Amino acid sequence: MTGSPAARGTPTAAHSATPARRSPQEFRLGNEILAFRFVATLGERRAEPLERITTPEQLRAWCTANDLGGTDMPVSDALLRDARELREAIHRAGSAAAVDGTPEPADEELLNRWTARHRARLTLTGGRAQWHLPDTDPARAALAVVALDAVATLGGHRDGVIKRCEQPTCGGLFMDTSRGGRRRWCSMATCGNKMKKANLKAARGGA
Ligand SMILES: [Zn+2]
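The model shown is predicted, which means the values in this text are computed figures rather than measured ones.

What counts as what
Residues numbered from 1 in each chain as written. Predicted model: local features only at pLDDT ≥ 70, side-chain atom pairs only at ≥ 80, totals over all residues. Heavy atoms only, no water. Donors = N, O, S within 2.8 Å, 3.2 Å for Na, K, Ca; no water. Helix = DSSP H or I, 4+ residues; strand = E, 2+ residues; numbered from the N terminus. Buried < 20%, exposed > 50% of the residue type's maximum accessible area, 1.4 Å probe, protein only. Core = buried A, V, L, I, M, F, W, Y, C linked by side-chain atoms within 4.5 Å. Contact = heavy atoms within 4.5 Å. Pairing = 2+ DSSP bridges.

The subject of this paragraph is the coordination of the zinc ion. Each protein donor to the zinc ion is listed here as C165 (SG), C170 (SG), C186 (SG) and C191 (SG); together their distances run 2.3 to 2.4 Å. Here the donor residues for the zinc ion map to a single chain with the spacing C-x4-C-x15-C-x4-C. Highlighted residues: C165 in the loop between β5 (161–164) and β6 (173–176) and C186 in the loop between β6 and α6 (188–203), separated in sequence by 21 residues. An identical accessibility class is assigned to C165 and C186; each is buried.

On to unusual backbone geometry. Non-glycine residue E44 carries a positive phi angle of around 50°. Tracing the backbone shows E44 in the loop between β1 (42–43) and β2 (50–51).

To continue, consider the nonpolar core. By size, the foremost hydrophobic cluster in this structure holds 36 residues, and its most contacted members are F38, L59, L86 and I90. At the level of elements, α1 (34–39), α2 (56–65), α3 (77–98), α4 (105–116), α5 (138–154) and β6 are the ones that each hand at least two residues to this core. For this core, the element with the most residues is α5, which contributes eight residues. Excluding residues that lie within four positions of it along the chain, I90 makes contacts with A35, F38, V39, L111, V146, A150 and L173. Counting seven residues, the second largest nonpolar core, distinct from the first, contains F174, W185, C186 and M195.

Moving on, we come to the pairing of β6. Side-chain alternation along β6 places L173 and M175 on one buried face and F174 and D176 on a second face that is also buried. Here four bridges tie β5 to β6, and the two strands are oriented antiparallel to one another. The partner of V161 across the bridge, within β6, is D176.

Everything listed is a geometric property; what it means functionally is a separate question.
Shown next, in the form of structure tokens:
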């Protein structure tokens, strides 16, 4: 094991000459909505897409970073493909919701197939809610939790308005729960900061 994601190629990037300095392991974990954090594993959607889960190991790392499964959880190549398919269905359905549209029936069916396979248990321990995954295929059960979160969010079980990030290259999704409904970025720490800097530069005549 080299641990190098570059060894497996860049499955989704349209350009083959993706520079190695881009680090796919830096997950965007600032989004409050689990399903939208998963959507953010593909970054820069409106520019040159940055795939952050290029290997099963990276998918496991994302799950672990989100309290879904341990560091020894088995993840197959097949599950990685299914995970990306789920992610893109969430993104399309969420993007439709962001413009007051309805998801495509095929995307709803895919999400519903995932939630039908939901097998994780939610427990309360020391005042903290935690998902417990089954021993059989825990990683698939972890993704079913993500699908469940997507359906609850897209289906209106949460307060707020689903929006697309306005940072021009991002294309990510977020839930605006601000009182005035004026939130514009998926994350203030990343996209918000980027736009603040760009605006400052423009105000100084630098752009
Ligand atoms: Zn963004």
